[in-house]
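# Examining the three-dimensional arrangement
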Amino acid sequence: MLVVGVGTMGRGIAQACAAAGIRVRLCDVDRATAERGLQGVLETLDRLVARGKLDAAERAAIAARIELASDLESGAADADACIEAVPERIELKLETFARLDRVARPDALLATNTSSLSVTEIAAATSRPDRVVGTHFFNPVPVMELLEVVRGLRTDEATVERAVALGRRLGKTPIVVRDFPGFATSRLGVVLGAEAIRMLEQGVASAEDIDRAMELGYRHPMGPLRLTDLVGLDVRLAILEHLHRELGEAFRPPALLRQMVRAGKLGRKSGEGFYRY
Ligand code: CAA
């Protein structure tokens, strides 16, 4: 398995696959970035060991299944599956799939971890759109139970079945959805986050209390602002911008979200978002 792009999601996907016994290779724009991704996975494993959630032998076995590919081309050459988790920008996804198409095995599963972009469009960057599918994972990947499998217009049934089987192997519950902007998850999820940000702009309540309201009043495991920090404000903004174009006004990104992204407040990964970390 090749994982292309080792930010938050790529790291989680790599960890979950390796924990399920799959050998994983990582690549990113350059070797230093890929190394940082691998380091991030190893640090997560160390935290789990320190907290008594993982024993040292299992940690070593998982770590031994993950290695760096020197680049996308060599990593894809003998992989039976390639999962792309590059940033949520269509031009990057199209370029990545055009490159994968040139080098991946003819029988390889080509999967995109997009949260909202068109799987059909991404697949069209290849000469084999029937073997391209969406595999939408959730953060933190090793913990979250859902895998949203997105069937592009030309994705064939065998490819959908392979993605579903991969999800089951990782211990996830897969659902298969039609390729429609925002699928069955992001379309609902980002509205809640965006409304929470607008409520903060309007001074309805503090960030803590808006979150507490949904945690205690609706039993959400974490409030919408804390969740936006976990997902990444830049990621949420990119999804909203795309859904605003595709589906209309309900998805207009809040001005505060844009400002915070411009200021580099991206949430947990940058050390500050609606909260400090
Ligand atoms: N790898 C492996 N295990 C991990 C982990 C990781 N990276 N991070 C946490 N865990 C484990 C912990 O060890 C812990 O295990 P136990 O239950 O065995 O003790 C468990 O996960 C829960 O972790 P914590 O105790 O640290 O924290 P918690 O109980 O507060 O739960 C949470 C944390 C799972 C994140 C929970 O708050 C939650 O479910 N939040 C909502 C997450 C969510 O909605 N994610 C979807 C975001 S949208 C998205 O990702 C898609 C998109 O398109 C942008």
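Residues numbered from 1 in each chain as written. Predicted model: local features only at pLDDT ≥ 70, side-chain atom pairs only at ≥ 80, totals over all residues. Heavy atoms only, no water.

This brings us to the site of the ligand. Surveying the vicinity of the ligand reveals 19 residues, the closest of which are Gln 15, Lys 53, Ser 115, His 136 and Asn 139. For the ligand, a nitrogen atom lies 2.9 Å from a polar atom in the side chain of Gln 15. Within the side chain of Arg 51, a nitrogen or oxygen atom sits 3.4 Å from an oxygen atom of the ligand. Secondary structure elements with two or more residues in the shell around the ligand: α2 (31-50) and α10 (224-231). Of the residues assigned to the shell around the ligand, the class counts are 11 nonpolar, six polar and two charged. Residue assignment places the shell around the ligand across two domains, with domain 1 (2-178) and domain 2 (186-270) each supplying three or more. (Near = heavy atom within 4 Å. Polar contact = N/O pair within 3.5 Å; in protein donor to acceptor, adjacent residues only side chain to side chain. Helix = DSSP H or I, 4+ residues; strand = E, 2+ residues; numbered from the N terminus. Nonpolar A, V, L, I, M, F, W, Y, C, P; charged D, E, K, R; others polar. Domains from an automatic or database assignment.)

Bringing unusual backbone geometry into the picture now. Cis peptide bonds are those with omega within 30 degrees of zero, and the linkage from Asn 139 to Pro 140 qualifies with 0°. Take Pro 140: it is sitting in the loop between β6 (132-136) and β7 (146-151). One non-glycine residue with positive phi stands out, namely Arg 219, at about 60°. Turning to its location among the elements, Arg 219 is positioned in the loop between α9 (207-217) and α10.

All right, on to α9 then. Within α9, burial applies to Ala 207, Ile 210, Asp 211 and Met 214. In an axial view of α9, the angular spread of the buried residues amounts to 95°, which keeps them on one side of the axis. Among the exposed residues of α9, those pointing more than 90 degrees away from its buried face are Leu 216 and Gly 217. Those residues of α9 that are buried are in contact with α8 (186-201) and α10. At the exit of α9 stands Arg 219, carrying a positive phi of roughly 60°. (Buried < 20%, exposed > 50% of the residue type's maximum accessible area, 1.4 Å probe, protein only. Arc of directions from axis to C-beta. Contact = heavy atoms within 4.5 Å.)

We now examine the side chain of Thr 159. Within the secondary structure, Thr 159 sits in helix α7 (residues 157-169). Judged by relative accessible area, Thr 159 falls into the buried class, the value being 3%. Once you skip the residues sitting within four places of it in the chain, Thr 159 turns out to touch Leu 109, Asp 130, Arg 131, Val 132 and Val 133.

Attention now goes to the sheet that holds strand β5 (residues 109-112). The eight strands are arranged β3-β2-β1-β4-β5-β6-β7-β8 in an open sheet whose pairing can be described as mixed. Each edge of the open sheet carries a strand with a single partner, namely β3 (66-68) and β8 (173-178). This sheet shows a mean twist of 25° between the axes of neighbouring strands, independent of strand direction. Strand direction decides the pairing type here: strand β4 (residues 81-84) and β5, joined by four bridges, are parallel. Bridge pairing in β5 links Cys 82 to Leu 110. In this fold helix α1 (residues 8-19) packs onto β1 (2-4), β2 (24-27), β3 and β4, with an angle of close to 165° to the strand it touches most, β2. (Pairing = 2+ DSSP bridges. Axes fitted to C-alpha atoms, helices over the stretch in contact; angles between N-to-C directions.)

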